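Below, each chain spelled out in residue letters.
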Amino acid sequence: MKKKMGKFSIETELDSSRLIQAVEQSPETVVITDPEGCIEYVNPRFVELTGYSRDEVLGENPRILKSGYHQKEFYQNLWRTISSGQKWSGEFLNLKKSGEKFWEQASITPIIDRQGEISSYVAVKKDISQRKQMERELLEKKDQLEEKEKMLNDILDLSTEAIRYVDLNYQIIKSNQRYKELNRLYKKDNLGEDFFFSQRRNCSNAFCTENCGTENCSLKQILAGREFIQEDAAVEIAGENHFFIVTIVPYRDHLGNLKGIIQSYRDITARKNYEKTLELSNQKINDLYSRLEAEFEKGRILHQQFLPKKLPQIAKLDYQVYFQPANKLGGDFYNLIDTGKELLVYLADVSGHGLDGSILNIFLRELVNNYLSNQANLGQGLNSTELLKFIINKYHQENIAVDYVTCLLIGVYSKEAETFAFSNAGIHIPPLLIDRQGKLNKLENGGVPISTAIALENYQDSSIIDYQEQKVSLKSGDLLFITTDGIIEERSAANNQQQYGLKRLTSLLKAERHLAAAEIIRVVNQDFKSYSNSRVGQDDITFMVFKQK
């Protein structure tokens, strides 16, 4: 049951009307309860803050304001304190009538009557919700700052560079783990074990460069106005020289005021040692290079010796060959052999442009010569496909390394029939046949290159790899052009993404088809030089021009 009391009964217990007025106008809430905790009086501030009217709370227990935040033990301690006649102070998280939570700073005092008994309790409470909110925000900001500082320290410690921050009095304020490690070794070496445990933090007494503390000190230069310094430094640590790139910059606040100096030490000792080792090795490399140059020159001469010195003269055929290696030793190789009734033509592009590629081309030349030495192969006339199969078998018999790939076109020109028959193993630019009227015929007859990476059984199985010989008749004025991919894939001097291309070549050949073979070679080379700004290509350039008379 509520205990209803009129305002007059409370006022009679107050000493004066002035006191009543003070309580009524107080900015803090005032609550008076009987010894059992039933509310007998609340001031206007209570009504304003909680949203309860006086009639709603008189006779009620203050527990109507409970929010559920505090534990049972909290209230037991409160009642134990005030019921023993002592004053209790603390904070409440209470609940308004609207359900809104608010914080109060409370002081509850027991009132003792003349008989020494507790007649009532007076609670004076102040709304501290705003202060608590500010405390929470400050705590959150503090946690954020601590987290940011921890993150910064973790980032600094992850760095392989030694970093320190020095204030304007040359005192080391902050450093990362790498700097501490170097400083520990430096102090033991230079200042003794005791110094490491001293409280002196001046930068000149710690790990630093040799000009530290002198007139040339980089920190002094920053204080004098320099914005950036980077220098090499050598410091002796643990009996060995260590080399660093030292970077020094000023640290300024948001207003631009100089607050301190940041230094970083990048350890380049390993690089310096490597450079020294490299320098010692350079002479050996140079000596080796000189010897290789001599060997390459021998290889170049050998390669040139095995190219045809003079082309066989064929009565009804005007032809010329152009060869320009990209390097000192080329990967392209060609030969033309007059067998009497026929002219054997072959053009090879071997992977690699070194001595090994040149030797492989010489091996190919000897295989062809070996094949021609057998008169049985010449009896019914040469067959380009049979010669190609012979070469493939020999490659596998000699177990040529799988790293090497040979692209080979073999052609046979019949003097009597004035025909050209050919087989192709990997030369992906088709022979171009242009007749007197300028009609172009691309002689598409491709096949896989020669390599021991492909099993011999696959070459021998025509259902897998089937080289076919293609034959064309050459009429008077016909132009036959055979090339490797060097000239086609050359990049433009003006645009590295653009190639010389088959379209440009065929247009040029059609326009100049009436010229003699030597003149066609001159025109092609002139156009190539104009396009690439060089007579030497990025790859070997080899092409053959045949004009039927």
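Just so it is clear, the structure is predicted and the values come from calculations on it, not from any experiment.

Student: Looking at this structure, how should I read the side chain of Thr419?
Tutor: Relative to the elements of secondary structure, Thr419 occurs in strand S15 (residues 419-425). Given the relative accessible area of 12%, Thr419 is considered buried. Among all residues touching Thr419, those that are not within four sequence positions of it are Val412, Tyr413, Ser414, Lys471, Val472 and Ser473.

Student: Teacher, can you tell me more about the nonpolar core here?
Tutor: Among the nonpolar cores identified, the biggest contains 54 residues, and Leu336, Leu344, Ile391, Leu408, Met544 and Phe546 are the most heavily contacted of them. Broken down by element, the residue count for this core peaks at seven residues, all from strand S13 (residues 342-350). Discounting chain neighbours no more than four positions away, the residues touching Leu336 are Leu311, Pro312, Tyr319, Val321, Leu343, Leu344, Val345, Met544 and Phe546. With 24 residues, the next largest nonpolar core counts Leu502, Leu505, Val524 and Phe528 among its residues.

Student: So what exactly am I meant to see when it comes to the packing of helix H14 (residues 501-511) against helix H15 (residues 517-532) here?
Tutor: The angle between the axes and the distance between the axes are what describe a pair of packed helices. Running from N to C, H14 and H15 cross one another at 140°; their axes reach a closest spacing of 11 Å. Here H14 lies oblique to H15, going by the angle between them. Like other packed secondary-structure pairs, H14 and H15 cross with a definite hand, here right-handed. Contacts between H14 and H15 involve Arg504, Leu505, Leu508 and Leu509 from the first element and Ile520, Val523, Val524, Asp527 and Tyr531 from the second.

Student: Honestly, the packing of helix H11 (residues 355-372) against helix H12 (residues 384-397) in this entry has me stumped. Any pointers?
Tutor: Across the interface, H11 lies against H12 with an axial gap of 10 Å and an inter-helix angle of 125°. Relative to H12, the element H11 lies oblique. Along this stretch, H11 crosses H12, giving a crossing that reads as right-handed. The residues of H12 that touch H11, namely those facing Leu360, Phe363, Leu364, Leu367, Val368, Asn370 and Tyr371, are Glu386, Leu387, Phe390, Ile391, Lys394 and Tyr395. Looking at the contact of H11 with H12, its residues break down into ten nonpolar, one polar and two charged.

Student: What is the right way to look at the side chain of His396 in this model?
Tutor: Examined against the element boundaries, His396 turns out to sit in helix H12. At 3.1 Å, the side chain of His396 forms a polar contact with the backbone oxygen of Ile392. The contact partners of His396, leaving out residues within four places of it in the chain, are Ser451, Thr452, Ile454, Ala455, Leu456 and Tyr459.

Student: What is the right way to read the packing of aromatic side chains from this model?
Tutor: The geometry of an aromatic ring pair is captured by the separation of the ring centres together with the interplanar angle, meaning the angle of the planes. The tally for this structure, following the rule as stated, stands at 22 aromatic pairs. Taken together, a centroid distance of 5.3 Å and an interplanar angle of 90° make the contact between Phe74 and Tyr75 edge-to-face. Relative accessible area serves as the criterion here: at 23%, Phe74 is assigned to the partly exposed category. Chaining the aromatic ring pairs together yields one cluster made of Phe74, Tyr75, Trp88 and Phe92. Its end group placed over the ring of Tyr75, Lys66 keeps NZ or CZ at 4.5 Å from the ring centre. Taking the ring centre of Phe102 as reference, the NZ or CZ of Lys96 above it sits at 5.7 Å.

Student: What should I look at first to understand the pattern of salt bridges in this one?
Tutor: Side chains that differ in sign of charge can pair as their charged atoms come close. Going through the model one piece at a time under the given rule, you end up with 21 salt bridges. Linking Lys132 and Glu135 is a salt bridge whose minimum nitrogen-to-oxygen distance equals 4.0 Å. With Lys132 and Glu135 both in helix H6 (residues 129-158), this residue pair falls three residues apart, about one helical turn. When its relative accessible area of 36% is taken as the criterion, Glu135 is described as partly exposed. A single network of salt bridges, built from pairs that share partners, joins Glu91, Arg131, Lys132 and Glu135.

Student: Can you walk me through H15 in this structure?
Tutor: Each α-helix winds once per 3.6 residues, and so residues spaced three or four apart point in a common direction. The first and last C-alpha atoms of H15 sit 22 Å apart over 16 residues, in line with the 22 Å expected at 1.5 Å per residue. When we look at burial in H15, the residues that qualify are Ala517, Ile520, Ile521, Val523, Val524, Asn525, Asp527, Phe528, Tyr531 and Ser532. Looking at the buried side of H15, the elements it contacts are strand S11 (317-324), strand S19 (479-483), H14 and strand S20 (541-548).

Student: Just checking my understanding: could you explain the sheet that holds strand S7 (residues 172-175) for this structure?
Tutor: Working definition: the strands of a sheet are paired by backbone hydrogen bonds and lie parallel or antiparallel to each other. Read from one edge to the other, the open sheet built from five strands follows the order S7-S6-S10-S9-S8, with strand pairing classed as antiparallel. Edge positions in the sheet fall to S7 and strand S8 (229-237), since each of these pairs with one other strand and no more. Each strand axis lies, on average, 25° off the axis of its neighbour in the sheet, ignoring direction.

Student: Got a minute to help me understand unusual backbone geometry in this structure?
Tutor: Note: most peptide bonds trans; most residues except glycine with negative phi. The phi dihedral of Tyr170 is positive, around 65°, even though this residue is not glycine. One can find Tyr170 in the loop between strand S6 (162-167) and S7. Exposure remark for Tyr170: the relative accessible area of 22% places this residue in the partly exposed category. Phi at Asn399 is positive, roughly 55°, even though this residue is not glycine. Secondary-structure assignment places Asn399 in the loop between H12 and strand S14 (406-414). Taking the relative accessible area as the measure of exposure, Asn399 reaches 61% and is therefore exposed.

Student: What should I look at first to understand H12 in this one?
Tutor: Here H12 spans 20 Å end to end across 14 residues, near enough to the 20 Å set by a 1.5 Å rise per residue. Among the residues making up H12, those that are buried are Ser384, Thr385, Leu387, Leu388, Phe390, Ile391, Ile392, Tyr395 and His396. The inward-facing, buried residues of H12 abut S13, H11, S14, S15 and helix H13 (456-460). Two residues or fewer past H12, Asn399 is found with a positive phi of approximately 55°.

Student: Would you explain the sheet that holds S14 in this entry?
Tutor: Across the sheet, which stays open at both edges, the five strands sit in the order S12-S13-S14-S15-S18 with antiparallel pairing between neighbours. Every other strand in the sheet has two partners, leaving strand S12 (332-338) and strand S18 (470-473) as the edge strands with one partner each. Mean inter-strand twist for the sheet, computed between neighbouring axes without regard to direction, equals 15°. Pairing analysis gives seven bridges linking S14 to S15, with the strands arranged antiparallel. Each bridged residue has a counterpart across the sheet, and for Leu408 the counterpart in S15 is Ala425. Each of S13, S14 and S15 touches H12; the most contacted strand, S14, lies at about 150° to it.

Definitions and limits used
Residues numbered from 1 in each chain as written. Predicted model: local features only at pLDDT ≥ 70, side-chain atom pairs only at ≥ 80, totals over all residues. Heavy atoms only, no water. Helix = DSSP H or I, 4+ residues; strand = E, 2+ residues; numbered from the N terminus. Buried < 20%, exposed > 50% of the residue type's maximum accessible area, 1.4 Å probe, protein only. Contact = heavy atoms within 4.5 Å. Core = buried A, V, L, I, M, F, W, Y, C linked by side-chain atoms within 4.5 Å. Axes fitted to C-alpha atoms, helices over the stretch in contact; angles between N-to-C directions. Parallel < 35°, antiparallel > 145°, perpendicular 65-115°, else oblique. Left-handed = near helix turned anticlockwise from the far one by under 90°. Nonpolar A, V, L, I, M, F, W, Y, C, P; charged D, E, K, R; others polar. Polar contact = N/O pair within 3.5 Å; in protein donor to acceptor, adjacent residues only side chain to side chain. Phe/Tyr/Trp six-rings, centres within 6.5 Å; stacked < 30°, edge-to-face > 60°. Lys NZ or Arg CZ within 6 Å of the ring centre and 35° of its normal. Salt bridge = Lys/Arg side-chain N within 4 Å of Asp/Glu carboxyl O. Expected span 1.5 Å × (residues − 1). Pairing = 2+ DSSP bridges.

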